[in-house]
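Survey of secondary and tertiary structure
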Amino acid sequence: MITAYSEKQDAAPTYKRGFGFHPFGVWCDETNELLAAMLRPGNAGANNTDDHLELLDQAIARLPERFRRGHGFGDNADTVEVALLIRADSAGASHGVVRAAVEANAEYSIGYQINGSRDALLLVSPGRTLAARHRTDGTRRRGAEIVELTTLVDLSGWEHGEVL
């Protein structure tokens, strides 16, 4: 959220009772470059599928040709030259975003809200993590690890194979 102190174009009340904007952006993790951005009203929803899809289209279009090849919607997966991973937090957890990633011949990692998530993390014992996480420069991120909690998420509304 970005606070605005005056009536600027598209500024609106935020869900946190402030006033301003709810910007949305897509970055390339390899280079930390901003690929696409959208300045939205403060009352814009975080999980707006249409906004996610618009920015995904813009971000893929801004990749160099070699990285974009095979990732156009409807492209043949055999034409992919460089693998693409689309990541989003739980605001991107929608059937539309997952379908768009699949149609773009991309891998995806989408966060998913689970009820009692703090309680779920207490179930993770030291040593149960899958892997340490690293920065793009290869150095280890202290305290950042991955753990599999999928069995705690109700995926009954997702088709078989839709969520990997």
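In case you missed it, the structure is sitting above this.
Just so you know, these numbers come straight off a predicted model, no measurement behind them.

1. Some details on the overall build of the protein
When helices and strands are counted, the protein shows 4 helices and 9 strands. Mapped in sequence order, the helices and strands of the protein form the string β-β-β-β-β-α-α-β-α-β-α-β-β. For the protein, long-range pairs separated by at least 24 residues make up 36% of all intrachain contacts whose partners lie at least 6 apart in sequence. As presented, the protein carries roughly 11,400 Å² of accessible surface, and 50% of it is formed by carbon and sulfur atoms.

2. Some remarks on the pairing of strand S4 (residues 24-28)
Two elements, S4 and strand S5 (residues 33-38), share 5 bridges in a ladder whose sense is antiparallel. Residue pairing in the sheet places Gly25 in a bridge with Ala37 of S5. Count of turn residues in the S4/S5 antiparallel hairpin: 4 residues, of which Asn32 carries a positive phi of about 60°.

3. Digging into the side chain of His71
Structurally, His71 is set in the loop between helix H2 (65-68) and strand S6 (85-88). A polar atom in the side chain of His71 sits 2.7 Å from the backbone oxygen of Val82. For His71, the residues in contact, after removing those within four places along its chain, are Ile60, Val80, Val82, Ala83, Leu84, Ala104, Asn105 and Ala106.

4. Focus: the packing of aromatic side chains
Counted according to the given criterion, the structure contains 0 aromatic pairs. A cation over an aromatic ring shows up here: Arg40 above the ring of Phe24, its NZ or CZ 4.9 Å from the ring centre. Note that Arg66 overlies the ring of Phe67, its terminal NZ or CZ placed 5.2 Å from the centroid.

5. A closer look at the nonpolar core
Nonpolar side chains tend toward joint burial in soluble globular proteins. Ranked by internal contacts, the top residues of the largest apolar core, which has 19 residues, are Leu35, Leu55, Leu56, Ile60, Leu84 and Ile86. If you tally residues by element for this core, the top one is helix H1 (residues 49-61), at 4 residues. Here Ile60 is in contact with Arg68, His71, Phe73, Leu84 and Ala104, once residues within four sequence places are set aside.

6. A look at the environment of Asp75
Among the structural elements, Asp75 can be located in the loop between H2 and S6. Linking Asp75 and Ala104, residues 29 residues apart in sequence, is a C-alpha distance of 7.1 Å.

7. Thoughts on the pattern of salt bridges
Tallying each qualifying case throughout the model produces 6 salt bridges. With a shortest N-O distance of 3.7 Å, Asp29 and Arg87 are connected by a salt bridge. Residue Asp29 is located in the loop between S4 and S5, and its partner Arg87 is located in strand S6; the two are separated by 58 residues in the primary sequence. The salt bridge involving Arg69 is made with Glu65; its shortest N-O contact spans 3.3 Å. The partly exposed category is assigned to Arg69, whose relative accessible area is 32%. Each of Glu65, Arg66, Arg68, Arg69 and Glu81 takes part in one network of salt bridges that share partners.

8. Details of the environment of Ala101
Turning to its location among the elements, Ala101 is positioned in helix H3 (residues 95-103). Taking the relative accessible area as the measure of exposure, Ala101 reaches 1% and is therefore buried. Measuring from C-alpha to C-alpha, the distance between Ala101 and Phe73 comes to 8.8 Å, with 28 residues separating the pair along the chain. With residues up to four places along the chain from it excluded, the contact list for Ala101 reads Ile86, Ala106 and Tyr108.

About the thresholds
Residues numbered from 1 in each chain as written. Predicted model: local features only at pLDDT ≥ 70, side-chain atom pairs only at ≥ 80, totals over all residues. Heavy atoms only, no water. Helix = DSSP H or I, 4+ residues; strand = E, 2+ residues; numbered from the N terminus. Contact = heavy atoms within 4.5 Å. Areas by Shrake-Rupley, 256 points an atom, 1.4 Å probe, with all protein chains shown as cover. Pairing = 2+ DSSP bridges. Polar contact = N/O pair within 3.5 Å; in protein donor to acceptor, adjacent residues only side chain to side chain. Phe/Tyr/Trp six-rings, centres within 6.5 Å; stacked < 30°, edge-to-face > 60°. Lys NZ or Arg CZ within 6 Å of the ring centre and 35° of its normal. Core = buried A, V, L, I, M, F, W, Y, C linked by side-chain atoms within 4.5 Å. Buried < 20%, exposed > 50% of the residue type's maximum accessible area, 1.4 Å probe, protein only. Salt bridge = Lys/Arg side-chain N within 4 Å of Asp/Glu carboxyl O.

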